[in-house]
Amino acid sequence: MSESDLPTPRLPNARDAVRALRPSQIREVANAGFGVENVLPFWFGESDRVTPEFIRTAASEALAQGATFYTHNLGIAPLREALAGYVTNLHGATSVDHIAVTSAGVNALMLAAQLVVGAGDRVVAVTPLWPNLVEIPKILGAHVETVALGYGAQGWTLDLERLLSALTPDTKLLMLNSPNNPTGWVMSAEQQRAVLEHCRRLGIWIVADEVYERLYYADDKARTAPSFLDLAGRDERVICVNSFSKAWLMTGWRLGWIVAPASLMDDLGKLVEYNTSCAPAFVQQAGIAAVQQGESFTRQLVADLKTSRDHLVRALSALPGVDVKAPPGSMYLFFSLPGAQQSLALCKALVREVGLGVAPGSAFGPEGEGFVRWCYACDTARLDAGVARLQTFLARHVAG
Ligand SMILES: Cc1ncc(COP(=O)(O)O)c(C=O)c1O
């Protein structure tokens, strides 16, 4: 047998659904910045400040006391109790039976999807959107339809009728993220009520990603953005995902939680077992400190973020060709500027030429093309330095 008769060796590839996942375009931009000195990074969704000291101390003490073992799949009892109290305080009566601790928000999203979605199921998501919400159901073999927000004089808005008509009887799950990453859009309580009623009628599950619920600026008296937890009974087909990452600056700790019907909890426990088994014990102890002693910290954080948001909106508005509006929630500005029609190429050029790190709108789906995302979770001096770099870039490239 000659060599040419042998079958072509097949590369050891992942299965098709995994190979088809979108790689992170934010990473691609960050990679373009390797070797560039002094990059100002506004591309990731996190603050430049470390976790508050009282939370770090709680973790150190827990470690010193030997909190190094596996815990219950659904989390240690004192953290579940603390979270039940926290959610009750913000959104009405919630018992421990409805709370599960997770390894941050992204794991909570995966668990929520694994609970209700299987191969061939139809999932609807509102976009532009943090890619994980769209890609996670695809890992499970589901088919994801998107409904795009519109952009106009009011900023980003939802056409409710379009969303409702996309929620057909054969839809298994609606994935919603409000306050939204990347646009800062916030779904109103009226829209939530209409969607909830529609989904109730058709038996559609809702996964509500509310990790930015505390980062809400439209109403000084409201402690959170409108939440499905304010409207839905705890035993309805609603799974609410939350995280310690944003409200307590704990991105690196990987701690989050789920509020879900009590009837799901045994099965959720099994999924936790097969995914991560549990969140780390000493991290869970730190979570108790965050929930029980962190309220004044979170309120100050929200006030600081609002100041940063308004500062950046003012500074960017002064640049030629930049169209930016102050959104009601999250910690991003998602705005258009000259060159953003090819946002990936623009963001690579920005990092290479002037060391400005922002995320391309196309990273959040085709509906995001034409925009870039800037995370403003830092002080105003740093924002000013970034805006100066953008100004230099625009002066160089846009004929004036
Ligand atoms: C919309 C949204 N959901 C969930 C997460 C998950 O965050 P974490 O896994 O750090 O809790 C993020 C992080 O940026 C996010 O933007």
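Preceding this section is the structure that the text describes.
Residues numbered from 1 in each chain as written. Predicted model: local features only at pLDDT ≥ 70, side-chain atom pairs only at ≥ 80, totals over all residues.

### Comments concerning the overall build of the protein chain
Convention followed: Numbering of helices and strands starts at the N terminus; helices are DSSP runs of H or I of at least 4 residues and strands are runs of E of at least 2. The globule rule used here is 2.2 Å times the number of residues to the 0.38 power, and the radius of gyration it is set against is calculated over C-alpha atoms. Neighbour density around each residue's C-beta defines its exposure: 20 or more other C-beta atoms within 10 Å make it buried, 12 or fewer make it exposed, and counts between make it partly exposed, where C-beta atoms are placed from the backbone.
Secondary structure assignment for the protein chain yields 13 helices and 14 strands. A compact globule built from 400 residues should have a C-alpha radius of gyration of about 21 Å, and the protein chain, at 22 Å, falls within 12% of that. With the principal axes as the frame, the protein chain shows a C-alpha extent of 75 × 60 × 50 Å. Scored against the burial criterion, the 400 residues of the protein chain give a buried share of 48%.

### Notes on the sheet that holds strand β11 (residues 332–335)
Rules: Pairing between strands is defined by DSSP: at least two bridges between the two strands are required.
Strand order in the open sheet made by the three strands is β11-β14-β13, with antiparallel pairing throughout. One side of each edge strand has no neighbouring strand; the edge strands of this open sheet are β11 and β13 (359–360). Two strands pair when backbone bridges link them, and β11 and strand β14 (residues 372–375) are joined in this way by four bridges, in the antiparallel orientation. By the bridge assignment, Leu-333 is partnered in β14 with Trp-374.

### Some details on the pairing of strand β8 (residues 205–209)
To keep things clear, this is the line we draw: Viewed with both strands pointing away, a crossover whose connecting path from the first strand over the helix to the second turns clockwise is right-handed.
By the criterion of burial, β8 is predominantly enclosed, with five of the five residues buried. In β8, alternate side chains face the same way, and those of Trp-205, Val-207 and Asp-209 on one face and Ile-206 and Ala-208 on the other are all buried. As paired strands, strand β7 (residues 171–177) and β8 are joined by five bridges and run parallel to one another. Each residue of the ladder has a partner; that of Met-175, found in β8, is Val-207. Where the polypeptide runs from β7 across helix α8 (residues 189–202) and back to β8, its parallel neighbour, the crossover connection is right-handed. Two elements, β8 and strand β9 (residues 238–243), share four bridges in a ladder whose sense is parallel. Looking at β9, one finds that Asp-209 is bridged to Val-241.

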